[in-house]
Amino acid sequence: MELSTVKWIPWLPAFSAVICCLLCIRPAWRRYAAAVTVAAILASFIIAMLAAPRAGDPEIRGDYETGAYGQEIAAVGETVTAFRWIHFRDYRAFETEEAAAAYTAENPDLRDRPELDPETGAWRVLETTFQADFAYFIDPLTVLMLFVVCGIGSLVAIYGAGYMSGERGYARFFAAVSLFIFAMTTVVMADNLVLLYLGWEMVGLASYLLIGYYYHRPSAVAAAKKAFIVNRIGDLGFALGIFLTFMRYETVVIAEILQMATSAEHVADWRDYAIPFLLLMGAIGKSAQIPLYMWLPDAMEGPTPVSALIHAATMVTSGVYMIARLTPLFELSPYALPTVATLGGITAAFAATIATCQYDIKRIYAFSTVSQLGYMFMGVGMGLRYAVFGGLFHLLTHAFFKALLFLTSGNVMHGLHGQLDIRKMSGLRKVMPYTCWLMFAGCLSLAAFPFTAAFFSKDAILAGVFERALGYHGQEPSNWFFFLGSLALATAFLTAYYCFRAWFRVFMGPTEYEMGQEDHNGGDDAPASAAAHAESHDDGHGHGKDHGRGEAHEAGWLMLAPLFILAAGALFAGMVGYGIVKQLIWSSTATMTMPAIVDDTSALHLTLMVLSGAIAIGGICTAGWFHWLHRDAAARVGERAAPLVRLLYNKYYIDDLCERYLVRPLHAAGEVLYLIDRVIIDGLVAFFGFIPRLLGWSARPSQHGVLQGYGVAMLAALALIVTVVMLAVYAT
């Protein structure tokens, strides 16, 4: 397949979004929105698969084991242009025609010949001073991200076709999903920073629309606004980073920037030290790291497919992807990558502690997402090829198991009419057997149980951290990185504990549950009629019409089928994809400036594999003891540690502190500024507008239409003028 075909990958979902909007015109057409969306995303995934062999061919990319491709960007990826977009052009002046002709010969991209400027007598050449096209940079890292976005996106869309069946706004939902896939594929394929930023902001827009899908719910509207505003804080830094990058390198084309940043002639200055930290602000916002993490847990207000698609598998990993794509820029500052790793390690442990004391099953997995993103940040922040591979491999495995966990949570929520409190359900394995063991597979992988997918990816991250801590590959030993590695191991125990705490509570023990108050997560946006509700049961869920409101039920096969694929990925993607993903990452821009691995670290890796496996098993056994076999013991421990439990349940009261010391003061300042605008600014404008009216009002009595009055006024004015003139004459 010609590589130029990849330009259709983003545009097929874009056309799908337009078609879904048109389907909203007539109610009878809206049912086809899911089929259109699934077909478009699957077609994009197929194109990405067909392009993968060429993008990842080691004969084209070089020897990934030794880094034989060198540091030429042209040997790492190829650019495919969809169409010209932004071009600013200006003249470059030369004293002689020969000099202008020589410059033109050295730059074959210049289309115009030198011409003589009649005013100055100089020869000038028309050249492009700023260029940003709708062009796509295709390298192995791009292909890996396309597998995640389009592959997981298509499975979630299929699940959503059943889950959202019968909802008002069905076509609107799939239009927003298509828009999101278009935006996310634009982010991962962008050839230049301006196009990347456009996709970055469109992702924020699509996220806002999907989180606020139930727009009649105040909590959903508040969550959507919170996600949008918090991300704008990070995106401000990202935009400033792009501006500074253009000032430094005079281009926004990623390949050209990386080529100049990695050249032997490049001499770093203060801008090279500032750029990574500005770009990092954008990554912190999108990937929900400290301090901009608080939007992600609240984003669970959207439908469950939204949680799986945006806030587990794709959108939140865009910050990790951006850092990996621009790693050579981060390496120019000696403090940038260590800062990335430190933020990741602290966020991973911080979010894991909160997840241990949450009771909303989706919120547990939301904080788990924040924690696992911290692991990814640790990996890409180590500055070692193996650690970067681990971080990006964990991105892939996380997409499988976290999407699986959110969607199985959606099955539970669907079967219990919106109930998500794990304290109000137990023993559901008999009622939802498929969901039970599918979630079990996801929990095994999240806990990094030996030989599951996350076991291999998390081991690669831990190995990279301890390689850096112990001074492998020519690095200086570091106590700080040893602390981060120890923190990561402790977080691994907490991860295994909290995910199986939820699973044991929901599916094991006596069968008891309390139904929720919603229909299919619909709330105020529930199916328009009972007929639509019944139809959704038959067509979308496949469990018929015979269950009552007080009866839990398993999901239908349209919702279950994608979960089996995700479960297979959660269990076996580590073993199957380890070598393939390593080749892709080590043949991309993410590791192009990093030295090849020559030291033997097999003993360290084996030790960490055994240790991390034992930690995972220990966490699972602890959860089983307290939340299956001896639940009364868990209650007693909770009572004894009530202050700590309360602290973690309330998320360290950070949301309350932000509300009290940030949101309220800013709101008060906004009210003051509003009053200043209305009273002072508008008052001054109204005052100066009133002066002519006042003058007209005072002159109005003189305009009465009586000739005698006009004559008297003229004589009085003439007398006044004569008097003033006479006084002036006598005064001189």
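Residues numbered from 1 in each chain as written. Predicted model: local features only at pLDDT ≥ 70, side-chain atom pairs only at ≥ 80, totals over all residues. Heavy atoms only, no water.

K.L.:
Whenever I open this one, the overall build of the protein confuses me. Can you help?
P.N.:
Across its full length, the protein holds 27 helices and five strands. Scored against the burial criterion, the 732 residues of the protein give a buried share of 54%. A fraction of 81% describes how many contacts in the protein between residues 6 or more apart in sequence connect residues 24 or more apart. A total of about 30,900 Å² of accessible surface is found on the protein, and carbon and sulfur atoms cover 66% of it. (Helix = DSSP H or I, 4+ residues; strand = E, 2+ residues; numbered from the N terminus. Buried < 20%, exposed > 50% of the residue type's maximum accessible area, 1.4 Å probe, protein only. Contact = heavy atoms within 4.5 Å. Areas by Shrake-Rupley, 256 points an atom, 1.4 Å probe, with all protein chains shown as cover.)

K.L.:
Explain the packing of helix 18 (residues 433–446) against helix 20 (residues 479–507) to me, please; I cannot follow it from the model alone.
P.N.:
Pairs of packed helices are described in terms of their axes, by the angle between the two and the distance that separates them. Look at helix 18 against helix 20: their axes get within 9 Å of each other, and the N-to-C directions meet at 170°. Judged on the interaxial angle alone, helix 20 and helix 18 are roughly antiparallel. Of the residues in helix 20, those in contact with Thr-435, Cys-436, Trp-437, Met-439, Phe-440, Cys-443, Leu-444 and Leu-446 of helix 18 are Thr-495, Tyr-498, Cys-499, Phe-500, Trp-503 and Phe-507. (Axes fitted to C-alpha atoms, helices over the stretch in contact; angles between N-to-C directions. Parallel < 35°, antiparallel > 145°, perpendicular 65-115°, else oblique.)

K.L.:
Would you mind going over unusual backbone geometry with me for this structure?
P.N.:
Trans is the common state for peptide bonds, and a negative phi is the common state for residues other than glycine. The step from Ile-290 to Pro-291 runs through a cis peptide bond, and the omega angle for that step is 10°. Positive phi is not limited to glycine here, since Ala-448 has a value of about 60°. Turning to its location among the elements, Ala-448 is positioned in the loop between helix 18 and helix 19 (453–470).

K.L.:
Mind showing me how you'd approach the nonpolar core here?
P.N.:
Soluble globular proteins: nonpolar side chains tend toward being buried together. Core analysis: the largest hydrophobic core is formed by 211 residues, its most contacted members being Phe-180, Leu-329, Tyr-365, Leu-392 and Phe-500. Considering each element in turn, this core owes the most residues, 18 residues, to helix 17 (residues 385–415). Two domains each provide a minimum of three residues to this core, namely domain 1 (3–46 + 139–649) and domain 2 (78–136). Phe-180 has contacts with Val-203, Ala-206, Leu-210, Leu-309, Ile-310, Thr-314 and Met-315, leaving out every residue within four places of it along the chain. (Core = buried A, V, L, I, M, F, W, Y, C linked by side-chain atoms within 4.5 Å. Domains from an automatic or database assignment.)

K.L.:
Can you walk me through the packing of aromatic side chains in this structure?
P.N.:
The geometry of two aromatic rings is summed up by the distance between their centres and the angle between their planes. Under the counting rule described, the total for this entry stands at 44 aromatic pairs. Seen in terms of ring centroids, Phe-173 and Tyr-213 are 5.7 Å apart; in terms of plane orientation they differ by 80°. Their pairing is edge-to-face. Of this pair, Phe-173 sits in helix 6 (residues 170–189) while Tyr-213 sits in the loop between helix 7 (193–211) and helix 8 (218–249), and the two are 40 residues apart along the sequence. Tyr-213 carries the same exposure label as Phe-173, and that label is buried. Seen in terms of ring centroids, Phe-500 and Phe-504 are 5.8 Å apart; in terms of plane orientation they differ by 45°. Their pairing is tilted. (Phe/Tyr/Trp six-rings, centres within 6.5 Å; stacked < 30°, edge-to-face > 60°.)

K.L.:
Even after reading the chapter, I still don't get helix 26 (residues 654–699), so can you show me in this structure?
P.N.:
With 46 residues, helix 26 extends 64 Å between its outermost C-alpha atoms, agreeing within 8% with the 68 Å of an ideal straight helix rising 1.5 Å per residue. Where helix 26 bends most, at Gly-683, the angle is about 30°. (Expected span 1.5 Å × (residues − 1). Bend = angle between axes of the 7 residues up to and from the residue.)

K.L.:
Quick question: what am I supposed to make of the packing of helix 5 (residues 140–163) against helix 13 (residues 318–325) here?
P.N.:
Packing of helix 5 against helix 13 leaves a shortest axis separation of 11 Å and a crossing angle of 170°. What the angle tells us is that helix 5 and helix 13 run roughly antiparallel. Contact residues: helix 5 offers Leu-141, Thr-142 and Met-145, while helix 13 offers Tyr-321, Ala-324 and Arg-325. Grouping the constituent residues of the contact of helix 5 with helix 13 by class yields four nonpolar, one polar and one charged. (Nonpolar A, V, L, I, M, F, W, Y, C, P; charged D, E, K, R; others polar.)

K.L.:
Whenever I open this one, the pattern of salt bridges confuses me. Can you help?
P.N.:
Side chains that carry opposite charge are capable of pairing whenever their charged atoms lie near each other. Counted by the stated rule, this structure contains 15 salt bridges. Residue Asp-235 is joined to Arg-232 by a salt bridge in which the shortest nitrogen-to-oxygen separation is 2.5 Å. Placement of the pair is Asp-235 and Arg-232 together in helix 8, with a separation of three residues, close to one helical turn. Where Arg-423 meets Asp-421, a salt bridge forms, and the shortest distance between an N and an O atom there is 2.9 Å. A residue is classified by how much of its surface remains accessible, and Arg-423, at 54% relative accessible area, is exposed. One salt-bridge network, held together by shared partners, links Lys-226, Asp-298, Arg-363, Lys-651 and Asp-655. (Salt bridge = Lys/Arg side-chain N within 4 Å of Asp/Glu carboxyl O.)

K.L.:
Before we go on, may I ask you to explain the state of the cysteines in this structure?
P.N.:
Think of a disulfide as a covalent bridge from one cysteine sulfur atom to another cysteine sulfur atom. Following the criterion strictly, the structure yields zero disulfides and no others. Left unpaired, Cys-499 is separated from the closest cysteine sulfur, that of Cys-443, by 4.7 Å. (Disulfide = S-S within 2.5 Å.)

K.L.:
What should I look at first to understand the confidence of the model for the protein in this one?
P.N.:
A low pLDDT score tells you not to read the predicted coordinates there in detail. With 88% of its residues at a pLDDT of 70 or more, the protein has an overall mean of 84. When the elements of the protein are averaged for pLDDT, helix 21 (residues 530–541) gives the smallest value, 40, and helix 15 (residues 336–355) the largest, 94. With pLDDT under 50 throughout, residues 58–64 is counted as low confidence; its partners more than four residues away or in other chains account for 23 contacts. Of the regions scoring below 50 in pLDDT, residues 519–548 engages in 75 contacts with residues more than four places distant in sequence or in other chains. (pLDDT = per-residue confidence, 0-100.)

K.L.:
I would appreciate a short explanation of the side chain of Thr-589 in the present structure.
P.N.:
Structurally, Thr-589 can be placed in the loop between helix 22 (557–586) and helix 23 (602–629). Accessibility expressed as a relative area gives 1% for Thr-589, which makes it buried. At a separation of 3.0 Å, a polar atom in the side chain of Thr-589 contacts the side chain of Arg-325. (Polar contact = N/O pair within 3.5 Å; in protein donor to acceptor, adjacent residues only side chain to side chain.)

K.L.:
So what exactly am I meant to see when it comes to the environment of Ala-460 here?
P.N.:
Examined against the element boundaries, Ala-460 turns out to sit in helix 19. Each C-alpha atom of the pair Ala-460 and Leu-392 lies 10.0 Å from the other, and the pair is 68 residues apart in sequence.

K.L.:
Honestly, the side chain of Thr-185 in this entry has me stumped. Any pointers?
P.N.:
Topologically, Thr-185 is positioned in helix 6. Ignoring anything within four residues of it in the chain, the contact list for Thr-185 reads Ile-9, Pro-10, Leu-146, Val-149 and Cys-150.

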